[in-house]
Amino acid sequence: MTASHLIGGHLNVYHSKLQMQADKGLEIMGQRRAISQDAKLARRGDILTAAETLLRAVGYDDFTMQKLAGSAGLAKGTLYLYFTTREELVLALYTDLTKSWIERFLAAEKASAEKANHAPLYDDICQRFYNSFIDDDLLVDLAARAASALEPHVPSKAYSEAKRASALIAKRLGGYFCAVFGVPAAAGQRLAWAFLAALSGAQQRGIRLYADQIVPEDIHKLCDIASCKNVFLNMVLPLTPK
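As the structure is a computational prediction, the values presented were derived from the model and not from experiment. (Residues numbered from 1 in each chain as written. Predicted model: local features only at pLDDT ≥ 70, side-chain atom pairs only at ≥ 80, totals over all residues. Heavy atoms only, no water.)

With respect to the packing of aromatic side chains
By the definition in use, this model includes 14 aromatic pairs. Between Phe129 and Phe232, the aromatic rings sit 5.9 Å apart at their centres with planes inclined by 20°, giving stacked as the arrangement. Here Phe129 is found in helix H5 (residues 122-133), whereas its partner Phe232 is found in helix H10 (residues 228-236), with 103 residues between them in sequence. Here Phe129 falls in the buried class, since its relative accessible area comes to 0%. Ring centres 5.7 Å apart and planes at 50° place the aromatic pair Tyr176 and Phe177 in the tilted group. (Phe/Tyr/Trp six-rings, centres within 6.5 Å; stacked < 30°, edge-to-face > 60°. Helix = DSSP H or I, 4+ residues; strand = E, 2+ residues; numbered from the N terminus. Buried < 20%, exposed > 50% of the residue type's maximum accessible area, 1.4 Å probe, protein only.)

The following block contains the structure:
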């Protein structure tokens, strides 16, 4: 065997070892990226959980990223790695709360239907839908703020993600309407969007009295007529599926 063959053989072995090391390095990097991504998602979830706790304790007006950093045990700068503004963070939380509420509503409706011996009435569904919504004070508060105080102040990516989430929520609710009323998918979707839009509009335009607020008698009467619940029901009750 010539010297050139020996050198060539050694080079091939050397290159093979380098390739194996490179492949192993890429595999380790891939694992690290996966772990890192999982860790990021977990951290994001922890931040939203801490934000929910703080918001329920102090309210939206007194909620700051600085206070959240303190309660979550994180540096303030860390929060901005996940959410660029306070509004983006709160909008993400509002989206999660809305998803959870819709799932609770649908689960309750399913349980109720299994006990009943007749199909649910549309008017009753409207009432239960609203009543289940107002069970969560934070959800109600954020619903009133979403369109004016949150969505205009978030990056387009965060806005788009929130709207895609709304579309999935409407799809879930629309599927329920299709199953209950036997309407086509498109009709179920339209009704779902109408419910969600009416709910949002009612929270923004409905008249409510706040604690210790003193108003004239005519405003009290107006509150009864145009309460958030009545505004919602006045918008959705005429939409009875045919």
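Some remarks on the environment of Glu151
Mapped onto the secondary structure, Glu151 falls in the loop between helix H6 (137-150) and helix H7 (156-181). The buried category is assigned to Glu151, whose relative accessible area is 17%. As a C-alpha pair, Glu151 and Glu88 span 63 residues in sequence and 7.8 Å in three-dimensional space. When near neighbours in sequence (up to four residues on either side) are disregarded, Glu151 contacts Leu91, Ala146, Tyr159 and Lys163. (Contact = heavy atoms within 4.5 Å.)

Examining the pattern of salt bridges
Considering all chains together, one arrives at 8 salt bridges under this definition. Note that Arg56 and Asp136 form a salt bridge whose closest N and O atoms lie 2.9 Å from each other. Taken together, the residues Arg56 in helix H1 (residues 3-58) and Asp136 in the loop between H5 and H6 connect sequence positions 80 residues apart. The salt bridge partner of Asp61 is Arg145, with a shortest N-O separation of 3.6 Å. Placement of the pair is Asp61 in the loop between H1 and helix H2 (65-72) and Arg145 in helix H6, with a sequence separation of 84 residues. Three or more residues are tied together by salt bridges with common partners; here these are Glu52, Arg56 and Asp136. (Salt bridge = Lys/Arg side-chain N within 4 Å of Asp/Glu carboxyl O.)

Quick word on the packing of helix H4 (residues 86-115) against H5
Contact geometry for H4 and H5: axes closest at 10 Å, N-to-C directions at 135°. When the interaxial angle is binned, H4 and H5 end up oblique. Viewed along their axes, H4 and H5 form a crossing whose handedness is right-handed. Taken together, the residues of H5 that come into contact with H4 (itself represented by Trp101, Ile102, Phe105 and Glu109) are Ile125, Arg128, Phe129, Ser132 and Phe133. Split into classes, the residues belonging to the contact of H4 with H5 amount to 6 nonpolar, 1 polar and 2 charged. (Axes fitted to C-alpha atoms, helices over the stretch in contact; angles between N-to-C directions. Parallel < 35°, antiparallel > 145°, perpendicular 65-115°, else oblique. Left-handed = near helix turned anticlockwise from the far one by under 90°. Nonpolar A, V, L, I, M, F, W, Y, C, P; charged D, E, K, R; others polar.)

A closer look at the nonpolar core
Core analysis: the largest hydrophobic core is formed by 59 residues, its most contacted members being Leu68, Leu89, Phe129, Leu173, Phe195 and Phe232. Sorting the residues of this core by element identifies H1, H2, H4, H5, H6, H7, helix H8 (185-205) and H10 as the ones contributing at least two each. Examining the composition of this core, we find that 11 residues originate from one element, H4, more than from any other. Once residues lying within four places of it in the same chain are set aside, the contact partners of Phe129 are Trp101, Ile102, Phe105, Leu173, Phe195, Leu196, Leu199 and Phe232. (Core = buried A, V, L, I, M, F, W, Y, C linked by side-chain atoms within 4.5 Å.)

Quick look at the confidence of the model for the protein chain
Across the protein chain, pLDDT averages 87, with 85% of residues at or above 70. Here residues 28-34 scores under 50 on pLDDT; set against residues more than four positions off or in separate chains, the count is 0 contacts. (pLDDT = per-residue confidence, 0-100.)

Considering the side chain of Glu88
Tracing the chain through its elements places Glu88 in helix H4. No salt bridge is formed by the buried Glu88, whose closest oppositely charged neighbour, Arg44, lies at an N-O distance of 6.2 Å. When residues no more than four places from it in sequence are discounted, the contact partners of Glu88 are Tyr82, Phe83, Val154, Pro155 and Ala158. (Lys, Arg positive; Asp, Glu negative; His and termini not counted.)

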